[in-house]
Amino acid sequence: MVVQADDPNSIPMESLESVSPREFELSFRNVSYCVKHKQDRTHSAILKNLSGSFRSGRLVGIMGPSGAGKSTLLNVLSGFKKNNVTGQLMVDGQRLSERRSRKIISYTQQEVCLWPSLTVEESLRYAAEFKLSPCINRQQKMVRVRELLHVLGLTPCADTLTSSVSGGQAKRLSIGLELLSDPKVMLLDEPTSGLDTVAAYQVLAHVKQLAERGRVIACVIHQPNSQQLLLIDDLYVLAKGRRIYSGPTGEMVTQFARFGLECPVSHNPADYALEVASLDQEDERLKRLMMEEEKDIFDYNPPRLMVEKSFDGSYQRYALSTLQQLGVLLRRTSSCTMRDSYQFKARILINIAIALITSVAFYNTGNNADRILANTAVLIINLYAIFFTSIVSAVLVYPRESACFVLESKNNWYSLRAYYLAKIVVELPTLIFSSSVFFLIVYYFTSQPFEWLRIGTFALVCLMFGWISQMLGLLLGSLLSVQNSVFVSILIMVPASLFSGFFVTLRDASVLLRPLLYVSFVRYAFEGAVHAIYGFDRPDLECPEVFCYFRQLKRFLEFVSMPDLPYGVDLLALAGWIVLLMGAVYFSLRRRIKQD
Ligand SMILES: Nc1ncnc2c1ncn2[C@@H]1O[C@H](COP(=O)(O)OP(=O)(O)OP(=O)(O)O)[C@@H](O)[C@H]1O
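In the nomenclature of an unreviewed UniProt entry, the chain corresponds to ABC transporter domain-containing protein from the organism Anopheles epiroticus. Entered under Sequence similarities (unreviewed entry) in the UniProt record, the comment concerning the chain runs "Belongs to the ABC transporter superfamily. ABCG family. Eye pigment precursor importer (TC 3.A.1.204) subfamily." Taken verbatim from the UniProt record of the chain, the Subcellular location (unreviewed entry) comment is "Membrane".

Draft legend 1. Expanded view of the domain arrangement of the chain. Domain annotation for the chain reports domain 1 (25-108 + 185-297) and domain 2 (322-595). Put simply, the middle of domain 1 and the middle of domain 2, counted by C-alpha atoms, are 51 Å apart. Counting residues at the interface gives six residues for domain 1 and four residues for domain 2. Within the side of domain 1 that touches domain 2, the residues separate by chemical class into two nonpolar, two polar and two charged.

Draft legend 2. Inspection of the sheet that holds strand β2 (residues 43-55) at higher detail. Spatially, β2-β1-β4-β5 is the arrangement adopted by the four strands of the open sheet, whose pairing is antiparallel. At either margin of the open sheet sits one strand with a lone partner, and together these are β2 and β5 (94-95).

Draft legend 3. Main features of the confidence of the model for the chain. Per-residue confidence for the chain averages 82 on the pLDDT scale, and 90% of its residues sit at or above 70. When pLDDT is averaged over each helix and strand of the chain, the minimum, 41, is found for helix α12 (residues 308-312) and the maximum, 94, for strand β3 (residues 59-63). Counted against residues more than four places away or in other chains, residues 1-19, with its pLDDT under 50, gives 27 contacts. Below a pLDDT of 50 lies the segment residues 300-314, which in the model reaches 24 contacts outside its immediate sequence neighbourhood of four places, other chains included. In the predicted assembly, ipTM is 0.96 and pTM is 0.75.

Draft legend 4. Region of interest: the site of the ligand. Lining the immediate environment of the ligand, one finds Val 35, Ile 46, Gly 64, Ser 66, Gly 67, Ala 68, Gly 69, Lys 70, Ser 71 and Thr 72. Taken together, the residues of the shell around the ligand sort by class into three nonpolar, six polar and one charged.

Draft legend 5. Spotlight on the sheet that holds strand β9 (residues 234-239). Strands sit in the order β6-β7-β8-β3-β9-β10 across an open sheet of six strands; the sheet is mixed. Strands with a single pairing partner mark the edges of an open sheet, and in this sheet they are β6 (105-108) and β10 (242-248). The mean inter-strand angle of the sheet, taken between neighbouring strand axes irrespective of direction, is 15°. Pairing geometry for β3 and β9, over four bridges, is parallel. Its bridge partner being in β9, Met 63 is matched across the sheet by Val 237. Running over the sheet, helix α2 (residues 70-78) touches β3, β6, β7 (185-189), β8 (216-220) and β9 and is turned about 150° from β7.

Draft legend 6. The arrangement of unusual backbone geometry in detail. Phi is positive for Gln 223, close to 40°, though the residue is something other than glycine. By the element assignment, Gln 223 lies in the loop between β8 and α8 (226-231). On the basis of neighbour counts, which here come to 13 C-beta atoms within 10 Å, the residue Gln 223 falls in the partly exposed class. At Asn 364, a position not held by glycine, the phi torsion is positive, near 65°. With respect to the secondary-structure elements, Asn 364 resides in the loop between α14 (342-361) and α15 (372-410).

What counts, and where the lines are drawn
- Residues numbered from 1 in each chain as written.
- Predicted model: local features only at pLDDT ≥ 70, side-chain atom pairs only at ≥ 80, totals over all residues.
- UniProt positions renumbered as here; feature names shortened; annotations may be inferred.
- Domains from an automatic or database assignment.
- Contact = placed C-beta atoms within 7 Å.
- Nonpolar A, V, L, I, M, F, W, Y, C, P; charged D, E, K, R; others polar.
- Pairing = 2+ DSSP bridges.
- Helix = DSSP H or I, 4+ residues; strand = E, 2+ residues; numbered from the N terminus.
- pLDDT = per-residue confidence, 0-100.
- Near = placed C-beta within 6 Å.
- Axes fitted to C-alpha atoms, helices over the stretch in contact; angles between N-to-C directions.
- Buried ≥ 20, exposed ≤ 12 C-beta atoms within 10 Å, placed from the backbone.

In structure tokens form, the structure reads like this:
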């Protein structure tokens, strides 16, 4: 099967290409990567002094048995993995900085990360919006999207949600998302896994066409058949983190034969390469082969040096300005939210259900001096409900979303700043709506004072507290898995509640525990809520009994250790927590983009 010029699966390259035909070379020298095992504190080397160079215009296949280090090598070359990596990465002999490598290298990982509520076509369309220059009009972008759908065999499932497509289709889509832009270097981790032989061949043929137009393309490939092997110009074969071959595909068998590793005539050279790579590392022939391959560690001749600007000057990290990125992100998020409104509806319904149960349990307690403790419980329950619905919806959704964000951000779709702004713009109305539904129902049925000042101040405390919970959820979701986020959120909430000032008042707290009361955000929210309801010189409450000790609110406020409620201080403390958590979310996302 050979790709013909008039192959219906080939993209009209003029429309997809703008890569200059000037040849260039991505090379790496003495690249090593080791990991530290936490259990026994030992180190093991995953990549050992790897050197090589991939030239533009040639399709490079990276091969090796499972665990040989293929994905790790791509992770290192793409800059996705930086810690514990040594060696040099160069373009045309010029050292590539992290910033520049991000600009020119795109990496499609083995695991696909797609937005489940978008269709295949929409995913490509949004990717086109992020990655293509705003000078290209919408129609032209759509032409590119359709071409890619066609060439990747995704036209029949163009309108299918990405959550419903097959594994192979998802894989092809994730390649398509990176193909849309114009990366100088494309690193693809197993682009053909999950595809049948025909589809795998088509994808490889397309990738080869892209390479021929002046890109460096290196892809990890498992056991290519003989026809697929014909498409691969160069092979880079690894065995346990060491190179055993690097060079033209057609010369590999001869090179192996020089070391007594004769490939049987009936064998597919790719299969034989895997057999050689799987030999015992003590095998003399393999040892000699590796030594030959590794001799360039010592006598390394730097490739020709080019002026940095001539290669890289035309590149901008992002195709869109921050504002434009924000616009596309908001449109994409709104589409996803409207499509997958389950989370939102569930959150509202749970809020309504808990609000109604609370209202029945504490009906009409608001102005009754005899039930003042019950009414105070209403305030704290109100805060718990807001906390749990906000944090749970964040920790359930965010780990997956943040994984997609990290991948897109590393591939220069948009900046963290734009993403973060979009996240805030989208999350705030959801929080305001769901929290307001809850506290308005409870406020009305429990007969809290109907005064605008109190409603406003109470609402403000609830919303600030909700925002803290939401940010805490995002922080946990960006750092931990779903399960761990749920556990940790409980771990935070229980002590924070204990030190809310309701169960253990400031007066009763031991000296050791007092500092916790001073930092507990639940305490400030609770105090703020009590202040909104009972502060601001509220007149004495109604007393249906002969005597009500707490009829005079001053006594009650002294009882809960809040004789002189500083509402402004409560707001300031809550605002402080908001700033702290927002900063923490931002830096945790930034750390994830920068780390491996
Ligand atoms: N952070 C890490 N900690 C411990 N071991 C690691 C780490 N990263 C990679 N490894 C180990 O390094 C080896 C190479 O992993 P890598 O994923 O690169 O292999 P691969 O050749 O791509 O395998 P496959 O074909 O199965 O995907 C594996 O044995 C893996 O367990």
